[in-house]
Amino acid sequence: MSKYEFSTRAIHEGQKPDSATGAVITPIYATSTFVQESPGKHKGYDYSRSGNPTRAALEECIASLENGAAGYAFASGLAAESAVIDAIGSEGHVIATDDLYGGTFRLLEQVKKNLNHLRVTYVDFTNPDAVEAAIEKDTKLIWVETPTNPLLKIVDLESIAAIAAKHHLISVCDNTFASAYLQNPLDFGFDVVVHSATKYLNGHSDIIAGVVVTKENNELSQRIKFLQNAIGSVISPFDSFLLLRGLKTLKLRMEAHSKNALEIARFLEKQPNVEKVLYPGLPTSPYYEIAKKQMKHFGGMVSFFIRGDAEATRRFLENTKLFSLAESLGGVESLVEAPAIMTHASIPKEIREQNGIYDNLIRLSVGIEDSQDLVRDLTTALQAI
């Protein structure tokens, strides 16, 4: 179905009317097992951990939206990340973005280093020369986030993919902040894309899910598929159904998120209580040009530093109403949080501050409410500092 445009694929890819009933929407196949005509002879499914028709529809759809060959859906974004890292095997070296989601940092530092005996070097990926300089003889994997979490750095995907290919390394991009609509890393040469599908792909803050899409249906892809089944961290049929529902409106939602976020970033730039705004859609951002090159829009995430200390941050966070004080992101509702004490608290303070994450940093997940209401809400909170 690649001849169709994005929203057409989001609505139809992998989702033909049900052959048994003609149902337009893919049913929730709430079954653990499937009858077999003869031992080993079945209709493509034998046990729902190994494969389920609702999940299969989701996996086909997300693979198409990321312009990949194969998709795999997991019970969470971290489960998806874990499977990709496990697929490279034990021992060896990984190069990862220095500005990294706290959960990914914890997974690498407290799990994979110990259990997989991996060594990890964190590099500023906005400097491709630094990435190449960090490569060692046993480097296996390059792990990218862009936009990064929470500082919204933009990584030149084409340059990093070229470095990975030159040195025969596996390249992975966490595309959660951009979504499959705003950016497709596989088109720039990446091998694998991962998402916390909890966020923008689903868009309604009512499930936990993760997805992996591979550029080719190769040995790496088959290894991820094997691990998905062998470890069993699969998404449920009901959550697959909800995620398919969310994907149908992904383009509409991302355009609305991006429009609101740009308006709010422009508003924040003018506020005396704001020290600095981080948003790639602002011409003042050092990442503006590269973001224009590789993203359709600039996304719904805005970070900024207020003028004040941790106490000022607390006062701001306690005085928003439409922006709910909560972790996560990507839902239709607006959220606000302080990375230093919430989403990135698992990163040691000295590393956080070395990377530029201070107590006065605030991260917004801008929803799709009316923008003037969101601006009024932020105005009230800024006045409380």
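As a reminder, the structure under discussion sits directly above these lines.
Since the structure is predicted, the reported quantities are computational estimates derived from the model, not experimental observations.

Draft legend 1. Region of the structure containing the sheet that holds strand E12 (residues 361-365). Judged by pairing direction, the sheet is mixed, and its five strands sit side by side in the order E8-E9-E12-E11-E10 without closing on themselves. A strand with exactly one partner marks an edge of an open sheet, and here the two such strands are strand E8 (274-278) and strand E10 (324-325). Where strand E11 (residues 335-337) meets E12, three bridges bridge the pair, whose relative direction is antiparallel. Paired with Val336 across the bridge in E12 is Leu364.

Draft legend 2. Just the environment of Ile170, in detail. Relative to the assigned elements, Ile170 resides in strand E5 (residues 170-174). Residues Ile170 and Ala265, 95 residues apart in the sequence, show an inter-C-alpha distance of 35 Å. Every residue in contact with Ile170, bar those within four places of it in the chain, is listed here: Ile88, Lys140, Leu141, Ile142, Asp191 and Leu220.

Draft legend 3. Just empty space enclosed by the protein, in detail. This model, assessed by the stated rule, comprises one cavity of 30 Å³ or more. Roughly 50 Å³ of volume is contained in the largest cavity. Residue lining of the largest cavity: Pro147, Leu152, Phe177, Pro280, Met295, Phe298, Gly299, Gly300 and Met301, and that is the complete set. The class makeup of the residues in the lining of the largest cavity is seven nonpolar, two polar and no charged.

Draft legend 4. Structural context of the sheet that holds E5. Read across the sheet, seven strands follow the order E1-E7-E6-E5-E4-E2-E3 without closing on themselves; strand pairing throughout is mixed. The open sheet has two edge strands with one neighbour each: strand E1 (70-74) and strand E3 (118-123). The sheet shows a mean angle of 20 degrees between the axes of neighbouring strands, direction not considered. As defined by bridge partners, E5 adjoins strand E6 (residues 192-196) across three bridges and the pair is classed as parallel. Counted as the bridge partner of Cys173 is Val193 from E6. Packing against the sheet, helix H2 (residues 53-65) makes contact with E1 and strand E7 (210-214), and its axis sits at approximately 130 degrees to E1.

Draft legend 5. Looking closely at the pairing of E12. In terms of residue burial, E12 counts as a mostly covered element, since five of its five residues are buried. Side chains Leu361, Arg363 and Ser365 project from E12 onto one buried face, and the interleaved Ile362 and Leu364 project onto a second face that is buried too. Two elements, strand E9 (residues 301-306) and E12, share five bridges in a ladder whose sense is antiparallel. Within E12, the residue paired with Phe305 across the bridge is Leu361.

About the criteria used
- Residues numbered from 1 in each chain as written.
- Predicted model: local features only at pLDDT ≥ 70, side-chain atom pairs only at ≥ 80, totals over all residues.
- Heavy atoms only, no water.
- Pairing = 2+ DSSP bridges.
- Helix = DSSP H or I, 4+ residues; strand = E, 2+ residues; numbered from the N terminus.
- Contact = heavy atoms within 4.5 Å.
- 1 Å grid on protein atoms, 1.4 Å probe; cavity = no way out; pocket = protein on both sides within 12 Å on 5 of 7 lines; lining within 4 Å.
- Points joined across faces, edges and corners; volume = space filled by probe spheres on them.
- Nonpolar A, V, L, I, M, F, W, Y, C, P; charged D, E, K, R; others polar.
- Axes fitted to C-alpha atoms, helices over the stretch in contact; angles between N-to-C directions.
- Buried < 20%, exposed > 50% of the residue type's maximum accessible area, 1.4 Å probe, protein only.

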